[in-house]
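An overview of the molecular structure
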Amino acid sequence: MQKAIIEKAKQLLADGTVNRVIGWKKGGFAYDITPAIFETAEEIDAEFVYDDFTAANVSKYLIKESRKDGKILAFLKPCDTYSLNQLTKEHRVNRDNIYVVGIPGGPKLDVEKIKAKGITGILSIKNENYTLKIETLYGEETMPFYEAICSKCESCKSKKHVTYDELIGEDGDILESNRFDMVEQLENMTAQERYDFWRAQLSKCIRCNACRNVCPACTCEKCVFDNDNSGIANKAAADSFEENMFHIIRAFHVAGRCTDCGECSRVCPQNIPLHLLNRKFIKDINSLYGEYQAGEDTTSKAPLNDYNMDDCEASIVHERGAE
Ligand code: SF4
Ligand code: SF4
Ligand code: SF4
């Protein structure tokens, strides 16, 4: 797939369809693949990477990039196209300045799942028939590919691209996803058990802001958490109230707009399963206002921005919360 993507990027640069490409290049480690802009075929030949670790969704970068002169080429996996559609709907990107080539989705790998097996000093990782051969400073290790996939790929909701200008490969289908299973498990806990679960998770947060910075729904030009007068800007939480507040406020801010892209959990250095909080909101919105998938299209009204006579009453939501 890397070869086909690189050829397509060079072709679209050469024929003038685009004047730059957003893709990925290697970071400090072989598994540390990071988004990057390429302006020439030489740069692409030298550094462009697309492999099992290319999980990063480049949609958010298009907010700034699509405001520059000329078209930019973006390679988007199916899940990434939902993010771009949502950004288009919210007028956060100039879709006319973006040329989207849809590429097949994952599953993609998460190096944290490899490290969680006690494998350290990683030098290289090869996928041989879905067995990972991991060369480390201390010798070679192996583990099954599917035990190391990103949590967002474990519960993929769609292999279908919802926006593109052209595709590499065949388009897929919307999937029967198991993504609400864990939310249901949390719902079935007692209030105390649920509180203890979230406290155990959120107390690990170091307020690095990576979850907010990567989130395609967090696009405010001035974020509430960057307000110097708030007393909470860019600092580690002082107590459990602040720890909870950051996450609950962010979840409310993206409610109805979160496409469940899974990037927040993927980038969290503390491995906090943030997607479960956002999925709870998605599940509740589905049950209160009817099935809705943010980013599926660019025209529908989001349930929380819309009103009709069949909407549930606020009192019903309140009673439900008191259960
Ligand atoms: S990415 Fe993780 S550690 Fe960083 S602010 Fe978000 S939840 Fe906290
Ligand atoms: S809250 Fe998380 S899952 Fe939702 S859009 Fe933002 S990064 Fe993606
Ligand atoms: S946390 Fe809230 S205010 Fe900050 S960028 Fe996200 S949506 Fe905007």
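Summary of the structure given here. The structure presented is a predicted model; accordingly, all values stated were derived computationally and were not measured.

**A look at helix H8 (residues 191-202)**
For H8, which comprises twelve residues, the first-to-last C-alpha distance of 16 Å matches the rise-based estimate of 16 Å (1.5 Å per residue) to within 8%. Taking burial as the measure, the twelve residues of H8 include one buried ones, a minor fraction of the element.

**What to know about the environment of Ala36**
You can see Ala36 is positioned in strand S2 (residues 33-38). It is 9.8 Å that separates the C-alpha atoms of Ala36 and Val49, two residues lying 13 residues apart in sequence. Dropping the residues within four chain positions of it, Ala36 is found in contact with Gly23, Trp24, Lys25 and Glu47.

**Some remarks on the site of ligand 2**
Around ligand 2 lies a shell of 14 residues, among which Cys215, Cys258, Cys261, Glu263 and Cys264 are the nearest. Broken down by secondary-structure element, the contributors of at least two residues to the shell around ligand 2 are helix H11 (263-267) and helix H12 (274-289). A breakdown of the residues in the shell around ligand 2 according to their chemical character gives eight nonpolar, four polar and two charged.

**Observations regarding the pairing of strand S7 (residues 139-144)**
A regular strand carries its side chains on alternate faces of the sheet. Here S7 lies mainly on the outside; zero of its six residues are buried. As judged from the six bridges shared by strand S6 (residues 131-136) and S7, these two strands associate in the antiparallel manner. In the sheet register, Thr131 faces S7, and the bridge partner there is Pro144. The turn joining S6 and S7, which pair antiparallel and follow one another in sequence, is formed by two residues.

**Quick word on the sheet that holds strand S4 (residues 98-102)**
The mixed open sheet is built from five strands, whose spatial order is S2-S1-S3-S4-S8. Of all strands in the sheet, those with a lone pairing partner are S2 and strand S8 (166-167), marking the two edges. When strand S1 (residues 20-26) meets strand S3 (residues 72-76), the two strands line up parallel, connected through three bridges. Paired with Arg20 across the strands is Ile72, a residue of S3.

**Let's talk about the sheet that holds S7**
Strand order in the open sheet made by the three strands is S5-S6-S7, with antiparallel pairing throughout. Of all the strands in the sheet, the pair left with one neighbour each is strand S5 (122-128) and S7. When strand polarity is set aside, the average angle formed by the axes of neighbouring strands in this sheet is 20°.

**Observations concerning the environment of Arg212**
With respect to the helices and strands, the residue Arg212 is situated in helix H9 (residues 210-214). The buried category is assigned to Arg212, around which 20 C-beta atoms lie within 10 Å. Placed eleven residues apart in sequence, Arg212 and Cys223 show a C-alpha to C-alpha distance of 9.4 Å. Not counting residues up to four positions away in its chain, the partners in contact with Arg212 are Cys218, Cys223, Phe225 and Arg250.

The rules behind each value
Residues numbered from 1 in each chain as written. Chains lettered and ligands numbered in written order. Predicted model: local features only at pLDDT ≥ 70, side-chain atom pairs only at ≥ 80, totals over all residues. Helix = DSSP H or I, 4+ residues; strand = E, 2+ residues; numbered from the N terminus. Expected span 1.5 Å × (residues − 1). Buried ≥ 20, exposed ≤ 12 C-beta atoms within 10 Å, placed from the backbone. Contact = placed C-beta atoms within 7 Å. Near = placed C-beta within 6 Å. Nonpolar A, V, L, I, M, F, W, Y, C, P; charged D, E, K, R; others polar. Pairing = 2+ DSSP bridges. Axes fitted to C-alpha atoms, helices over the stretch in contact; angles between N-to-C directions.

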